[in-house]
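Each chain, written out:
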Amino acid sequence: MLSNTISVNNFAYLVGVSRATVDAWINSGKYPIRTDGNGKRYFNLNDVRDVPEVAAMLSSNWDEELKVKPSRTYTSVELFAGGGGLALGMEKAGFHHVLLNELDHCACETLRHNRPDWNIVEGDIHEIDFTPFRNKVDFLSGGFPCQAFSYAGKRLGFEETRGTLFFELARAVKEMRPKVFLGENVRGLFEHDHGRTLKTIKNVIAELGYTLVEPKILRAIQYNVPQKRERLILVAVRNDIAPHVSFMWPSVCDGVRTLRDAFYKGVLYDCDVPASEGQRYPEAKRKVMDLVPEGGDWRDLPEEVAKEYMKGSYFLGGGKTGMARRLSLDEPSLTLTCAPAQKQTERCHPLETRPLTVREYARIQTFPDDWQFEGTISDQYKQIGNAVPVNLAWALGRSIIRLFNDIDSLNIVEWANEYKTLKPNTKLHGIFEGMACDEKIPYGKK
């Protein structure tokens, strides 16, 4: 399909509405629909340019933002590093990692294998002392798990998060005092525990002395990733810096990438996907999946086959569209899970009756083909499924590098030096109050 067109299904994914809604728009004449020589329907992007998501694609600065480079070496620490998706994207943007922490041994082996020069600290984050890095690291990032807080004191602050992994991320921020930090999580954090979890996180960030950029859900399909994955991103800037800079979210790319882009030579990769190991279906399941067409699911099975395959799930409510699901080459993948052949979240290859291989999984997450995963095949699927897509992380990293370039351009050397002569009750003294002595020396231009 031409670059200035989009299929009906992908348009629905992009806009975040159901296919039925898009069909209703078409039937009402709201948007003109076109048909190619094979009978497939599509939209010309110019015909739907009033849709905000399409307008953003048509006016994107993606290509310009690819040129963003660090004005100096910016150091970073990453927590909960996993198999390296976020770390690799940030490295591509220009960050120099001085420490990465991860508990899972196989994930650590993956990081060590691919980046022998990275400082990988394997083990429990609770036991790591971050104070040696105080005022010595520019940026901190981490994908902390979403956990409910106790609210014992009802203050909704730092202490209420104790015992969770967000508390450890917050402790690292408190001990290191980076200029900027980033947290990423599932989109469900927005509504988790009726919004109290996110409210507490915001309170803690303010308590730590940071200004939180309004959180945003980024959809991977808008950032050169062939997958319908969504992540909630939190970016916070230290209070002494925040009034003087403005963070800009990354521009979206110019189109929706599909499994065809992931598996074959084209816009994402310069060769077809390499062969690799993968799980196999038991014979009984293979016979069932053979009956599902490309892009189909359990609803395409004969009724008796579907009932036998799905058991009690057949009679439950909901669409259950993850069951017996075969992906489509011309659509982005469904969000990858930690295994490609789970019954409720099936990820069958579009053309062959088998689960996706490790390298296919990795390409959907936009890992480069030379990034090798360690451990058993199950360990590898888990690392890939849990990762932040590399291209999404890279886009975010470029925006944060741009922010750091702006910080570096500030003439705040004089402000820091003036600190010594300020009276305790002056506004500027308050900006620097609580900062370590060595941080009152210039942190801008070198």
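Residues numbered from 1 in each chain as written. Predicted model: local features only at pLDDT ≥ 70, side-chain atom pairs only at ≥ 80, totals over all residues. Heavy atoms only, no water.

**Details of the pairing of strand 3 (residues 41-44)**
Argument step 1. The pairing of strand 1 (residues 5-7) with strand 3 spans three bridges and is classified as antiparallel. Of the residues in strand 3, the one forming a bridge with Thr5 is Asn44.
Argument step 2. Here strand 2 (residues 34-35) pairs with strand 3 via two bridges, running antiparallel. Within the sheet, the bridge partner assigned to Arg34 lies in strand 3 and is Tyr42.
Argument step 3. Hairpin connection from strand 2 to strand 3: five residues lie between these consecutive antiparallel strands, with Gly39 at a positive phi of about 85 degrees. (Pairing = 2+ DSSP bridges. Helix = DSSP H or I, 4+ residues; strand = E, 2+ residues; numbered from the N terminus.)

**Description of unusual backbone geometry**
Note on backbone geometry: most residues besides glycine have negative phi, and most peptide bonds are trans.
Argument step 1. In this model, Asp193 sits at a positive phi of 50 degrees, which is unusual for a non-glycine residue.
Argument step 2. A relative accessible area of 25% means that Asp193 is categorised as partly exposed.
Argument step 3. Phi is positive for Asn224, which is not a glycine, with a value near 65 degrees.
Argument step 4. Checked against the element boundaries, Asn224 lands in the loop between strand 10 (216-219) and strand 11 (227-228).
Argument step 5. Judged by its relative accessible area of 12%, Asn224 falls in the buried class. (Buried < 20%, exposed > 50% of the residue type's maximum accessible area, 1.4 Å probe, protein only.)

**With respect to the pairing of strand 5 (residues 95-102)**
Argument step 1. The buried fraction of strand 5 is high, at six of eight residues.
Argument step 2. Looking at chain direction, strand 4 (residues 74-79) and strand 5 are connected through five bridges and run parallel. When the bridges of strand 5 are listed, Tyr74 appears paired with Phe95.
Argument step 3. Between the parallel elements strand 4 and strand 5, the chain passes through helix 5 (residues 85-93) in a crossover that is right-handed.
Argument step 4. As paired elements, strand 5 and strand 6 (residues 120-122) share three bridges and run parallel to each other. Its bridge partner lying in strand 6, Leu100 is registered against Ile120.
Argument step 5. What joins strand 5 to strand 6 is helix 6 (residues 105-114), and the crossover it makes is right-handed. (Right-handed = clockwise from strand over helix to strand, strands pointing away.)

**Details of empty space enclosed by the protein**
Argument step 1. Inspection of the entire model under this criterion finds one cavity of 30 Å³ or more.
Argument step 2. Contributing to the lining of the largest cavity are Lys228, Gly295, Arg325, Arg326, Leu327, Ser328, Glu331, Pro332 and Leu334.
Argument step 3. The residue inventory of the lining of the largest cavity, partitioned by class, reads three nonpolar, two polar and four charged. (1 Å grid on protein atoms, 1.4 Å probe; cavity = no way out; pocket = protein on both sides within 12 Å on 5 of 7 lines; lining within 4 Å. Points joined across faces, edges and corners; volume = space filled by probe spheres on them. Nonpolar A, V, L, I, M, F, W, Y, C, P; charged D, E, K, R; others polar.)

**Here we look at the packing of aromatic side chains**
Argument step 1. Evaluated as defined, the whole model comprises 18 aromatic pairs.
Argument step 2. Measuring from centroid to centroid gives 5.8 Å for Trp25 and Tyr31, while their planes differ by 75 degrees, and the two rings are edge-to-face. Here Trp25 matches Tyr31 in class, with each residue buried.
Argument step 3. Measuring from ring centre to ring centre gives 5.0 Å for Tyr361 and Tyr381, while their planes differ by 80 degrees; the resulting arrangement is edge-to-face. Separated by 20 residues along the polypeptide, Tyr361 in helix 12 (residues 358-364) and Tyr381 in helix 13 (residues 377-386) bring together distant segments of the chain. Comparing Tyr361 with Tyr381, the two get one shared label, buried. (Phe/Tyr/Trp six-rings, centres within 6.5 Å; stacked < 30°, edge-to-face > 60°.)

**What to know about the pattern of salt bridges**
It is possible for side chains of opposite charge to pair when their charged atoms get near one another.
Argument step 1. This structure, assessed with the given rule, holds 31 salt bridges.
Argument step 2. Arg34 serves as the salt-bridge partner of Asp47, at 2.8 Å between the closest nitrogen and oxygen. Remark: Arg34 occurs in strand 2 and Asp47 occurs in the loop between strand 3 and helix 3 (52-58); sequence separation between them is 13 residues.
Argument step 3. One salt bridge in this structure joins Glu360 and Arg354, with 2.9 Å as the shortest N-O distance. Arg354 carries the same exposure label as Glu360, and that label is buried.
Argument step 4. Via salt bridges that share partners, Arg72, Asp138, Lys179 and Asp408 belong to a single interconnected network. (Salt bridge = Lys/Arg side-chain N within 4 Å of Asp/Glu carboxyl O.)

**Things to note about the sheet that holds strand 3**
Argument step 1. If you trace the three strands from one edge of the open sheet to the other, you get 1-3-2, paired in antiparallel fashion. Edge positions in the sheet fall to strand 1 and strand 2, since each of these pairs with one other strand and no more.

**Let's talk about helix 6**
Argument step 1. Cys106, Ala107, Cys108, Thr110, Leu111 and Asn114 are the residues of helix 6 that are buried.
Argument step 2. On its buried face, helix 6 is in contact with strand 5, strand 6 and helix 13.
Argument step 3. N-capping of helix 6 is provided by Asp104, with a side-chain oxygen placed 3.2 Å from the backbone N of Cys106. (Contact = heavy atoms within 4.5 Å. Polar contact = N/O pair within 3.5 Å; in protein donor to acceptor, adjacent residues only side chain to side chain.)

**Let's talk about the packing of helix 1 (residues 8-15) against helix 2 (residues 19-27)**
Argument step 1. Where helix 1 meets helix 2, the axes come as close as 9 Å, and the angle between the chain directions of the two elements is 110 degrees. It follows from the interaxial angle that helix 1 and helix 2 lie roughly perpendicular. By crossing handedness, the relation of helix 1 to helix 2 is classed as right-handed. Of the residues in helix 2, those in contact with Val8, Asn9, Phe11, Ala12 and Val15 of helix 1 are Arg19, Val22, Asp23, Trp25 and Ile26.
Argument step 2. Classifying every residue of the contact of helix 1 with helix 2 gives seven nonpolar, one polar and two charged. (Axes fitted to C-alpha atoms, helices over the stretch in contact; angles between N-to-C directions. Parallel < 35°, antiparallel > 145°, perpendicular 65-115°, else oblique. Left-handed = near helix turned anticlockwise from the far one by under 90°.)

Structural measurements only, silent on function.
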